[in-house]
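Remarks on the overall topology
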Amino acid sequence: MSIKSFAAKIFAKRIVNKDSNWIDNPIEAQQKVFKTLITVARSTKFGKNHNFDDISSHADFVSNVPVRDYEALKPYVEFILNGQDDVLWPGKPIYFAKTSGTTSGAKYIPITEESIKNQVKASRNAILNYIHETGNAAFVDGKMIFLQGSPVLEEKNGIKLGRLSGISAHYVPNYLQKNRLPSWETNCIEDWETKVNEVIKETETQNMTVIAGIPSWVQMYFEKLQEKNQKKIGELFKNFQLFIYGGVNYEPYRAKFENLIGRKVDSIELFPASEGFFAYQDKQHEKGMLLLLDAGIFYEFIKADEFFDENPKRLTIKDVELDVNYVMIISTNAGLWAYNLGDTVQFISLHPFKVIVSGRIKHFISAFGEHVIAKEVEEAMRIAIKATDAMVNEFTVAPQTNPKNGLPYHEWFIEFEKEPIDENKFISILDESMQNQNSYYYDLIVGSILQTLKITKVKQNGFLELMKSRGKLGGQNKIQRLSNDRKLAEDLYQHLT
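What comes next concerns the included structure.

Definitions and cut-offs
- Residues numbered from 1 in each chain as written.
- Predicted model: local features only at pLDDT ≥ 70, side-chain atom pairs only at ≥ 80, totals over all residues.
- Heavy atoms only, no water.
- Helix = DSSP H or I, 4+ residues; strand = E, 2+ residues; numbered from the N terminus.
- Rg over C-alpha atoms; globule rule 2.2 N^0.38 Å.
- Buried < 20%, exposed > 50% of the residue type's maximum accessible area, 1.4 Å probe, protein only.
- Contact = heavy atoms within 4.5 Å.
- Areas by Shrake-Rupley, 256 points an atom, 1.4 Å probe, with all protein chains shown as cover.
- Pairing = 2+ DSSP bridges.
- Polar contact = N/O pair within 3.5 Å; in protein donor to acceptor, adjacent residues only side chain to side chain.
- Core = buried A, V, L, I, M, F, W, Y, C linked by side-chain atoms within 4.5 Å.
- Salt bridge = Lys/Arg side-chain N within 4 Å of Asp/Glu carboxyl O.
- Axes fitted to C-alpha atoms, helices over the stretch in contact; angles between N-to-C directions.
- Right-handed = clockwise from strand over helix to strand, strands pointing away.

1. Quick look at the overall build of the protein chain
A tally of helices and strands in the protein chain yields 18 helices and 18 strands. Here the C-alpha radius of gyration of the protein chain, 23 Å, is about what a compact globule of 497 residues would show, namely 23 Å. Over its C-alpha atoms, taken along the principal directions, the protein chain stretches across nearly 65 × 60 × 45 Å. Sorting the 497 residues of the protein chain into buried and exposed places 53% on the buried side. Taking as baseline every contact in the protein chain between residues at least 6 positions apart, the subset at least 24 positions apart corresponds to 66%. Per element, the accessible surface of the protein chain, about 22,000 Å² overall, is 48% carbon and sulfur.

Right, dumping it as structure tokens:
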């Protein structure tokens with residue numbers, strides 16, 4: 001055992017013991033975060049406009065601070081972009097994470113000195129937790145990569161702008177700098193395909209032990225590596241031990257990954273976003289991610305079924321229930337207040353509080369009142385893949401409300417790496433799983449409102465071609481799993497087999 005790996009184990013034990021304080025006292029941890037946020041931000045423009053001086057309880061907060069999405073918060077962001085101090089948080093943010101908006105172009109999410117520290121700490125602690133649980137620290141002596149956006153940042157009125165992954169590249173600890181790949185120059189390449197080719201050149205002969213990124217883009221890297229070297233990834237990187245991912249559910253990709261690698265490797269699921277780092281997988285053999293309750297973020301939850309009501313009830317951590325679909329609302333030390341992140345989660349444990357990401361509140365299918373969510377289609381796909389030995393590169397689902405013949409149906413656009421031997425069985429398992437998970441969908445099928453789902457096959461690399469045509473190749477971009485309209489579906493018709 002090297003000195004570095006030995007030290008990592010000692011440090012991991014210390015951090016896990018420290019975290020047990022807030023894990024064992026979650027309500028108190030959240031109350032402490034809440035009081036700190038309100039106290040620190042009282043003198044800000046937002047704090048004055050929303051009577052922070054009079055807020056001492058969650059009920060006061062609900063009365064004074066409505067739930068907002070980015071569009072509603074945008075006027076405050078504009079004040080900061082124009083050079084004002086003390087708007088959402090004391091002083092100015094040190095960064096804006098620039099992300100793609102849906103209705104107003106680019107979104108600028110503030111990142112403060114306090115919030116970036118929490119992001120970095122959470123990333124570190126996820127790995128340390130893994131080391132402590134498994135006893136495996138040998139990978140710290142090898143090379144590590146994270147497929148990420150360019151670290152080159154713009155600047156406006158003294159605030160740096162860039163993608164979150166590019167901002168994070170500036171915070172790699174010194175003790176990992178020698179292990180980190182690719183080079184700074186390669187990371188700065190904007191064109192994704194060019195970048196992946198350069199990453200391959202820099203990594204293919206190295207002792208790669210940790211690889212991290214959004215699964216769909218890591219898959220592209222693996223495929224190009226295999227094509228060039230004619231070897232399984234696990235053979236090429238004999239000491240590859242750990243895959244770290246976030247942004248999408250790994251399960252639809254797992255079979256393909258294990259085929260590319262040639263063996264199983266451990267994985268850690270993360271739940272990061274430009275708005276904060278919310279959770280990470282803390283147990284290798286348990287489902288779900290540990291919700292971080294002492295990381296400068298105060299959480300509220302609204303039942304997804306009630307979210308579009310006039311006055312939906314806003315719950316704190318002490319009021320949530322298992323297996324309910326909640327919209328997650330956050331207030332943070334970056335100056336986001338009762339902010340609708342857009343993600344939906346379900347609690348699978350309350351001791352400790354652990355979540356799975358179930359989808360997006362705006363990404364669902366309810367053309368007929370079925371309210372299908374991402375978790376359901378991903379679980380159905382996992383079951384169908386396992387039962388038929390198929391492999392899937394990517395997929396998305398949309399309603400077909402006006403078919404040429406027969407009843408309406410859900411259309412599954414699937415790019416197969418390996419097609420099922422029995423396609424009818426694959427479809428039957430998908431549809432049966434959807435009915436088992438979603439009673440509304442079951443009623444629509446049984447009541448002859450919908451017919452059994454249909455598959456439309458997308459050609460090899462069809463989803464990549466679509467993303468490239470939209471200027472969304474690589475980085476933090478990912479395919480929308482569900483649509484309640486036909487826009488994505490119509491675009492995919494240009495990329496069929």
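2. Some words on the sheet that holds strand β13 (residues 326-332)
Whenever strands of a sheet pair, they do so through backbone hydrogen bonds, lying parallel or antiparallel. Taken in spatial order, the eleven strands line up as β6-β3-β7-β8-β9-β10-β11-β15-β14-β13-β12 in an open sheet, and their pairing is mixed. The sheet terminates laterally at β6 (180-181) and β12 (297-303), the two strands that pair on one side only. Judged from the five bridges that link them, strand β8 (residues 242-246) and strand β9 (residues 266-273) form a sheet pairing that is parallel. By the bridge assignment for β9, Gly-246 is matched with Leu-270.

3. Observations regarding the pairing of strand β16 (residues 391-400)
Within a regular strand, side chains alternate between the sheet's two faces. With respect to burial, β16 is a largely interior element, ten of its ten residues being buried. Here β16 pairs with strand β17 (residues 409-418) via nine bridges, running antiparallel. In the sheet register, Glu-394 faces β17, and the bridge partner there is Glu-415.

4. Considerations on the side chain of Lys-354
By the element assignment, Lys-354 lies in strand β15 (residues 353-360). A polar contact is formed between the side chain of Lys-354 and the side chain of Glu-286, at a distance of 3.1 Å. Residues contacting Lys-354, with those up to four places away along its chain left out, are Asp-282, Lys-283, Glu-286, Lys-287, Gly-288, Met-289, Leu-290, Leu-291, Gln-346, Phe-347, Ile-348 and Ser-349.

5. A short note on the nonpolar core
By size, the foremost hydrophobic cluster in this structure holds 90 residues, and its most contacted members are Phe-301 and Trp-337. Ile-214, Phe-237, Leu-466 and Met-467 belong to the second-largest nonpolar core, a separate cluster that totals 40 residues.

6. Comments concerning the pattern of salt bridges
Taken as a whole and assessed by the stated rule, the structure comprises 28 salt bridges. Close ionic contact of Glu-251 with Arg-254 constitutes a salt bridge, the shortest N to O distance being 2.9 Å. Of this pair, Glu-251 and Arg-254 both sit in helix α13 (residues 251-261), separated by three residues, roughly a single helical turn. Given a relative accessible area of 26%, Glu-251 falls into the partly exposed group. Of the residues examined, Arg-254 reaches a relative accessible area of 24% and is grouped as partly exposed. Counted as one network, the salt bridges with shared partners bring together Glu-223, Lys-256 and Glu-417.

7. Quick look at the sheet that holds β16
Strand order in the open sheet made by the three strands is β16-β17-β18, with mixed pairing throughout. Because the sheet does not close on itself, it has two edges, and the strands there are β16 and β18 (454-457). Strand-to-strand twist in this sheet, taken as the mean axis angle between neighbours without regard to direction, amounts to 30°. Contacts from helix α14 (residues 374-388) reach β16 and β17, with the element oriented near 135° to β16.

8. Notes on the pairing of β9
Most of β9 is tucked away: six of the eight residues are buried. In this view, the connection linking β8 to its parallel neighbour β9 by way of α13 has right-handed handedness. In this structure, β9 lies alongside strand β10 (residues 276-280), joined through four bridges in antiparallel fashion. Residue pairing in the sheet places Phe-271 in a bridge with Ala-279 of β10. Hairpin connection between β9 and β10: a loop of two residues separates the two successive antiparallel strands.

9. Here's the deal with the side chain of Ser-267
By secondary structure assignment, the location of Ser-267 is in strand β9. Discounting residues that sit within four places of it in the chain, Ser-267 has contacts with Leu-242, Phe-243, Tyr-245, Tyr-250, Arg-254, Gln-281 and Gln-284.

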